[in-house]
Amino acid sequence: MMKCKAGRQMSESMMLAVFLTLAGGFQDAYSYNCRGKVFANAQTGNIVLLGQNLAQGNYGTALHYLMPLAAFIGGVYVTEWVHYLYKEHQKIHWRQIVLLVEVVLLVIVGLLPHSMDVLANVLMSFACAMQVNSFRKFRGIPCATTMCIGNMRSATEMLCRYHITKDKELRRKSLHYYFVILIFAVGAAVGAVMSIHIGLRVIWIAAALLFVGFVLMFIKEDMGKRS
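Anyway, here's the lowdown on the structure attached to this text.

Let us now look at the overall build of the chain. When helices and strands are counted, the chain shows 8 helices and 2 strands. The helix and strand sequence of the chain, counted from the amino end, reads α-α-α-α-α-β-β-α-α-α. Scaling as 2.2 N^0.38, a compact globule of 227 residues should have a C-alpha radius of gyration of about 17 Å, and the chain matches this with 18 Å. Taking the principal axes of its C-alpha atoms as reference, the chain extends roughly 55 × 45 × 35 Å. Taken across its 227 residues, the chain has 47% of its residues classed as buried. Contacts in the chain between residues far apart in sequence, at least 24 positions, make up 75% of those at least 6 positions apart. Entry remark: accessible area of the chain is about 11,500 Å², with carbon and sulfur atoms responsible for 69%. In the chain, the 22 positive side-chain charges and the 11 negative ones have mean positions that sit 3 Å from each other.

Next comes the structure, spelled out in structure tokens:
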């Protein structure tokens, strides 16, 4: 297997971050344009709409928003078990297992008709939770690949601190965050255009991007302990 720079895992490389973030933006655009104008990757809106519908007595509609929330929680829970059971596995990294599960889930999503949009969003929320919980930092910097609000906050914080202290490391970190945000926007733009013109099965492109990430992780930089 190829080795790159010592001291880092491929699971924290910028190359992998690009593919995962493209997939994250793509999925958000897909869920909005093809699966009922919801954002399966971001759960804040679902919590707001859940509370609103419960307050209004729309319990059936509230369930519609509760399901992806429960799926997100389940995705995090399952990921922790995968980490625990496979963190010392020698032939495959536990994060690769997560990516394979995501790929399978997105392939299934592409097969579901519009009458099963709720299930499609549940599966995507589950997959998103697994990704968010497994890939938390790149180049040693905490970073998300399926949403942008935290990255935007961190990028702007680092930029301001750089202007105050003139510390070039802070500028590097700020640009790192803004680059990831740009990649997410590109993924969302491509996902939006392709979702409108191709339809439900276009989510398989996101699955392909995640599969590329799975393959990339066979290129080890210096795994050391599989944390």
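Structure's up, so let's keep going.
Closest axis-to-axis distance for the helix H3 (residues 59-86)/helix H5 (residues 117-134) pair is 7 Å, and the angle between their directions is 35°. Note that H3 runs across H5; the crossing there is right-handed. Across the interface between the two elements, His-64, Met-67, Pro-68, Ala-71, Phe-72, Gly-74, Gly-75, Val-76, Val-78, Thr-79 and Glu-80 of H3 pack against Val-118, Val-122, Ser-125, Phe-126, Cys-128, Ala-129, Met-130, Val-132, Asn-133 and Ser-134 of H5.

Parameters at a glance
- Residues numbered from 1 in each chain as written.
- Predicted model: local features only at pLDDT ≥ 70, side-chain atom pairs only at ≥ 80, totals over all residues.
- Heavy atoms only, no water.
- Helix = DSSP H or I, 4+ residues; strand = E, 2+ residues; numbered from the N terminus.
- Rg over C-alpha atoms; globule rule 2.2 N^0.38 Å.
- Buried < 20%, exposed > 50% of the residue type's maximum accessible area, 1.4 Å probe, protein only.
- Contact = heavy atoms within 4.5 Å.
- Areas by Shrake-Rupley, 256 points an atom, 1.4 Å probe, with all protein chains shown as cover.
- Lys, Arg positive; Asp, Glu negative; His and termini not counted.
- Charge placed at Lys NZ, Arg CZ, Asp CG, Glu CD.
- Axes fitted to C-alpha atoms, helices over the stretch in contact; angles between N-to-C directions.
- Left-handed = near helix turned anticlockwise from the far one by under 90°.

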